[in-house]
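Secondary and tertiary structure notes
One-letter residues, chain by chain:
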Amino acid sequence: MSEAIWAHCKTRLQNELPPQQFNTWIRPLQATETDQALQLLAPNRFICDFVSDKYGQLIEQLLREVQSGEAELQLEIAAGSSRASAVQSVPLAATPPVSRGPALAVVGGTASGAAADAAESTAPPDTDTVAKQKPPSLIETTLHYGQASKSEVHEALQHQHNLVSNYTFSNFVEGKSNQLALAAANQVSENPGGAYNPLFLYGGVGLGKTHLMHAVGNALKINKPDARIVYLHSERFVADMVKALQLNAIADFKRYYRSVDALLIDDIQFFAKKDRSQEEFFHTFNALLEGGQQMILTCDRYPKEIDGLEERLKSRFGWGLTVAVEPPDLETRVAILMNKASQARLDLPPDAAFFIAQRIRSNVRELEGALKRVIASANFTRRPIDVDLVKESLKDLLALQDKQVSLDNIQRTVAEYYKIKVADLNSRRRNRSVARPRQVAMALAKELTNYSLPEIGDAFGGRDHTTVLHACRKIRELRETSSDIHEDYKNLLRLLTT
Ligand SMILES: Nc1ncnc2c1ncn2[C@@H]1O[C@H](COP(=O)(O)OP(=O)(O)OP(=O)(O)O)[C@@H](O)[C@H]1O
């Protein structure tokens, strides 16, 4: 009963709250069965308090509407969470901050499954090694030359995880898309091992998750220079664990990871289907949490959506704070470009920055790549940067983009995405299942091409330009209020521009 009511309330909340707020605070709540009340379980005290404080009244109001009358809501911390040994009821009012809960048992892992993980760990190398600063594994190097010994493994572990020094808070441009993640990261740097442990940042590629993670690490280092901050990519963790097992040095491996002050692991989606590594990471995770050492994890998706990841890990990832990083909007893209230009002591006129930001929408890494090309071309030709130079230096990229985002292509992609026919988009049919995708397609056409409103209207079955204008406004509005539409639009933008 509770679950059905909660599902209904959740849909309403999803429509009423911005996607980031919904994903961070509402999505992790789980309903349980009781006769009298809707009982919601939060993964930790922090989320419990925040929801109670900020959304308690709204949820109760929705509950009254759904149940047409009386509504009782119990917000509780789930049993087995890191900060509660049993379910605790929280009144629907602000509650004072809490201290850490009882310690967790730490159980050592076994070596079984290593061979399977070893096979899996030979995934193709990430080409973005410079941006990610994934130093070569010294364990691998020593092994390669047949010189590895336990002490060398230990030595290797001590030296191979460096922070990228220029990924700092001061170099990170704040925007609506990363506001929450930045605030959380700031908090962690001021209070490591506190309420936001682990901090779980998720979102698409090249959006600044790694940067933020390092920013916390760098800030922690400034506050405490001898702190042992370890950053590594999850593939590295897997590879090192496998090598340590092969060299009978797993005890060193365990000791090393459990002795750090903060552990920063990037792209943890790579743990998927690597059972032995998950097992080892699970124990490391528990040990660190128990010791009050901070963990920051990044992933390309929401933890619950990682296929091939054990449930107990998924649930533990939600014990601290889970925050989405979204693609930046136009203003933030311009600000990022201006920021990068000023770091490079480069004169980037605002109209040139605006032009690049308008055309390169997929992610910040692409944006940086485009700016680098423009700078190289300015240096090469000894010309000052202006819109003409930008157009020239990004000619191939823009031509490719123009080809990709023809009106025809937008219609085909949208129709395929919503599983309707292109003919439906051009038809007179007005039912929601066709009208909404049509509006999405028109809004995309306006955003991604230079066609005028009448031209877009023409391409959609000869519609008036006011219909296109209305569609653009409607979709802009819906993207603020409905996380479904927001997700759809974001996915389609990605499909069409990358
Ligand atoms: N808000 C921002 N301000 C300044 N630079 C940014 C911002 N967001 C991203 N960047 C820059 O964009 C590049 C890509 O960011 P980063 O590597 O952190 O992305 P990511 O989300 O970790 O991607 P992936 O999922 O591929 O690991 C980096 O050079 C980073 O400095």
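Residues numbered from 1 in each chain as written. Predicted model: local features only at pLDDT ≥ 70, side-chain atom pairs only at ≥ 80, totals over all residues. Heavy atoms only, no water.

Under an unreviewed UniProt entry, the name given to the protein chain is Chromosomal replication initiator protein DnaA, and the source organism is Congregibacter variabilis. Turning to the protein chain, the UniProt annotation filed under Subunit (unreviewed entry) states: "Oligomerizes as a right-handed, spiral filament on DNA at oriC." Its UniProt record gives the protein chain a comment under Sequence similarities (unreviewed entry), which states: "Belongs to the DnaA family." (UniProt positions renumbered as here; feature names shortened; annotations may be inferred.)

Section: the UniProt feature "binding site: ATP" (unreviewed entry) in the protein chain
In the numbering used here, UniProt assigns the "binding site: ATP" (unreviewed entry) feature to G206, G208, K209 and T210. Positionally, G206 belongs in the loop between β5 (199-202) and α9 (209-223). Not counting chain neighbours up to four residues away, the residues in contact with G206 comprise N363, V364 and R365. Dropping the residues within four chain positions of it, K209 is found in contact with L201, Y202, G203, G204, T298, C299 and V325. (Helix = DSSP H or I, 4+ residues; strand = E, 2+ residues; numbered from the N terminus. Contact = heavy atoms within 4.5 Å.)

Focus on unusual backbone geometry
A cis amide bond links N197 with the next residue in sequence, P198, at an omega value of 0°. As for its placement among the helices and strands, P198 is situated in the loop between α8 (179-190) and β5. Of note, the phi angle at R345 is positive, near 50°, even though the residue is not glycine. Here R345 is to be found in the loop between α14 (330-343) and α15 (350-359). Positive phi, close to 55°, is recorded for R382, a residue that is not glycine. Tracing the chain through its elements places R382 in the loop between α16 (364-381) and α17 (387-393).

So, the confidence of the model for the protein chain
Counting all residues, the mean pLDDT for the protein chain is 80, and 81% of those residues have values of 70 or more. Within the model, pLDDT remains below 50 along residues 81-116, and this stretch shows 81 contacts once partners closer than five positions in the same chain are excluded. Segment residues 118-148 is flagged for pLDDT under 50; beyond a separation of four residues in sequence, or across chains, it makes 54 contacts in the model. (pLDDT = per-residue confidence, 0-100.)

Here we look at the packing of aromatic side chains
A complete count under the given rule lists 13 aromatic pairs for this structure. Aromatic rings pair up to connect F200, F237, F253, Y256, Y257, F271, F281, F285 and F317 into one cluster. The ring of Y302 carries R27 above its face, with NZ or CZ at 4.4 Å from the centroid. Over the aromatic face of F282 sits the side chain of R312, whose NZ or CZ is 3.7 Å from the ring centroid. (Phe/Tyr/Trp six-rings, centres within 6.5 Å; stacked < 30°, edge-to-face > 60°. Lys NZ or Arg CZ within 6 Å of the ring centre and 35° of its normal.)

Points about the environment of T11
On the secondary structure map, T11 appears in helix α1 (residues 2-16). Measuring from C-alpha to C-alpha, the distance between T11 and D484 comes to 9.8 Å, with 473 residues separating the pair along the chain.

Thoughts on the nonpolar core
Among the nonpolar cores identified, the biggest contains 51 residues, and W6, L40 and L199 are the most heavily contacted of them. The element contributing the most residues to this core is helix α3 (residues 45-67), with seven residues. Core analysis: the second largest hydrophobic core is formed by 35 residues, V238, M241, A244 and F281 among them. (Core = buried A, V, L, I, M, F, W, Y, C linked by side-chain atoms within 4.5 Å. Buried < 20%, exposed > 50% of the residue type's maximum accessible area, 1.4 Å probe, protein only.)

Concerning the packing of helix α19 (residues 407-418) against helix α21 (residues 432-448)
Axis separation between α19 and α21 bottoms out at 10 Å; the angle between their running directions is 145°. Classified by chirality, the crossing of α21 by α19 is right-handed. Residue-level inspection shows L407, I410, V414 and Y418 of α19 in contact with α21, the latter providing P437, V440, A441, L444, A445 and L448. Partitioned by chemical class, the residues of the contact of α19 with α21 number ten nonpolar, no polar and no charged. (Axes fitted to C-alpha atoms, helices over the stretch in contact; angles between N-to-C directions. Left-handed = near helix turned anticlockwise from the far one by under 90°. Nonpolar A, V, L, I, M, F, W, Y, C, P; charged D, E, K, R; others polar.)

A few points about the sheet that holds strand β6 (residues 229-233)
Ordered in space as β6-β7-β8-β5-β9, the five strands form an open sheet in which the pairing is parallel. Among the strands making up the open sheet, the edge pair consists of β6 and β9 (321-324). Geometrically, the sheet is characterised by an average inter-axis angle of 15° between neighbouring strands, direction not taken into account. Sheet analysis places β5 next to β9, joined by four bridges and oriented parallel. Counterpart to Y202 in the pairing with β9 is A324. Sitting on the sheet, α8 is in contact with β5, β8 (294-299) and β9, with an inclination near 145° to β9. (Pairing = 2+ DSSP bridges.)

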